[in-house]
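# Breakdown of the fold
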Amino acid sequence: MSAVGLNEVLRYPGVWRRSSAAAPTLRTQATGCAELDGLLPGGGWPLGALSEILFTQDGLGELSLLMPALAELTQRRRRVVFVAPPYVPYAPALQNHGVDLNFVTQIQADAGDSSWSAEQCLRSGGCGAVLCWLFKSDYAQLRRLQLAAETGGTIGFVFRPAAAAHNPSPSGLRLLVDNDRETTHIEVLKCRGGLDTRRDTRLRWNG
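A few points on the structure. Each chain carries its own residue numbering, running from 1 in the direction its sequence is written. Two thresholds apply to this predicted model, a pLDDT of at least 70 for residue-level local features and 80 or more for giving and counting side-chain atom pairs, whereas whole-chain, interface and lining totals are computed over all residues. In computing side-chain properties, one takes all heavy atoms of the structure into account and sets aside hydrogens as well as water.

Interaxial angle, 0 to 180 degrees, is taken between N-to-C directions of lines fitted to C-alpha atoms, where a helix line uses only the stretch in contact. Note on conventions: DSSP H or I runs of at least 4 residues are helices, E runs of at least 2 residues are strands, and numbering of each starts at the N terminus. Contact geometry of helix H5 (residues 111-124) with helix H6 (residues 139-152) gives a least axis separation of 7 Å together with a crossing angle of 20 degrees. Of the possible angle classes, the one that applies to H5 and H6 is roughly parallel. As for the relative orientation of H5 and H6, their crossing is left-handed in sense. Residues Ser115, Ala118, Glu119, Leu122 and Arg123 of H5 form the contact with H6, whose participating residues are Gln141, Arg144, Leu145, Ala148, Ala149, Thr151 and Gly152. Looking at the contact of H5 with H6 residue by residue, the classes come out as five nonpolar, four polar and three charged. For classification purposes, angles smaller than 35 degrees are called roughly parallel, those larger than 145 roughly antiparallel, those between 65 and 115 roughly perpendicular, and all remaining angles oblique. For any pair of crossing helices, the crossing counts as left-handed if the nearer helix is rotated counterclockwise from the farther one by less than a right angle, and right-handed if it is rotated clockwise. The contact criterion used is simple: two residues touch if any of their non-hydrogen atoms lie within 4.5 Å. Only Asp, Glu, Lys and Arg are considered charged in this grouping, and only Ala, Val, Leu, Ile, Met, Phe, Trp, Tyr, Cys and Pro are considered nonpolar; every other residue, Gly among them, is considered polar.

As structure tokens, then:
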């Protein structure tokens, strides 16, 4: 590879340099949970990346976890898109969390079209965040969504079953939401920029 070509590659923000003293700056959106922000490089949800929310069962607060960020985005007049949610988003609950419904769109799509719809929204650059539910997906499908989020500079949220944690993923962030009958926990499984192994990556969640 020529020196010019190598220099072009090294300008890409995702390239890690062993000799570099400073970590690359990550653009993020605060999650609204100070403990979680403290664990994540950049202090929040990564912009221009896919964040996977893996959950053991419905109703653990997995959607509530996103509400502070969605509220701030809509208040900044950024569009939030729900693609094929398994349940109709309850408008009064969204409003109670501070979400401006004028900047919320819901797309109805079947299993075969939901990933494609999410990909187009992510790639468009016109959305602040795109949420989709993929109960069956493969690495190639997630890779397309990750690349679309990078292209559009958008936050992509994908909800998947906890069993998917055993499979590789190109996502910038992976969280596991589970419950031991008394307490709901959030565990950071993977994040862009790496985890601080000196800290506990599992947090209690009261959402």
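From this point, the narrative continues.
The next thing to look at is the nonpolar core. One finds Trp45, Leu66, Leu70, Leu131 and Leu175 to be the most contacted residues of the largest nonpolar core, which totals 32 residues. Looking at this core element by element, the count peaks at five residues for helix H3 (residues 67-75). Residues within four places of Leu175 in sequence aside, it is in contact with Leu36, Trp45, Glu52, Ile53, Leu54, Leu65, Ile186, Glu187 and Val188. In this structure, Ala84, Cys121, Leu134 and Leu145 belong to the second largest nonpolar core, which totals 16 residues. The term nonpolar core refers to a set of buried residues drawn from Ala, Val, Leu, Ile, Met, Phe, Trp, Tyr and Cys, joined through side-chain atoms within 4.5 Å. Only protein chains enter the accessibility calculation, which uses a 1.4 Å probe. A residue is then buried if its area is under 20% of the maximum for its type, exposed if over 50%, and partly exposed in between.

The next subject is the packing of aromatic side chains. Whether two aromatic rings pair depends on their centres lying within 6.5 Å, for rings of Phe, Tyr and Trp, where Trp uses its six-membered ring; planes under 30 degrees apart make the pair stacked, over 60 edge-to-face, and the rest tilted. Scanning the model with the defined rule gives three aromatic pairs in all. Ring geometry for Phe82 against Trp133: centres 6.3 Å apart, planes inclined by 15 degrees, an arrangement best described as stacked. A residue pair is termed long-range when its members are at least 10 positions apart, and Phe82 in strand E4 (residues 79-83) and Trp133 in strand E6 (residues 127-133) qualify at 51 residues. By relative accessible area, which is 2% here, Phe82 ends up buried. Note on Trp133: relative accessible area 10%, which makes it buried. Members of the aromatic cluster, each reached through a chain of ring pairs, are Phe82, Trp133 and Phe159.

Turning our eyes to something else, we now look at the sheet that holds E6. To summarise the sheet geometry, strands pair through backbone hydrogen bonds and adopt either a parallel or an antiparallel arrangement. At least two bridges found by DSSP between two strands are what make those strands a pair. Read across the open sheet, the eight strands follow the order E5-E4-E6-E7-E3-E8-E9-E10; overall the sheet is mixed. The sheet is open, and its two edges are formed by strand E5 (104-107) and strand E10 (202-205), each paired on a single side. Looking at each pair of strands side by side, their axes are set apart by 20 degrees on average, direction ignored. Relative to E6, E4 is paired through five bridges, and the arrangement is parallel. Considered in E6, the bridge of Val83 is made with Cys132. The sheet strands contacting H5 are strand E3 (49-55), E4, E5, E6 and strand E7 (155-161), and the helix crosses E6 at an angle near 165 degrees. Taken strand by strand, H6 contacts E3 and E7, and its axis lies near 135 degrees from that of E3.

By themselves, these figures tell us nothing about what the structure is for.
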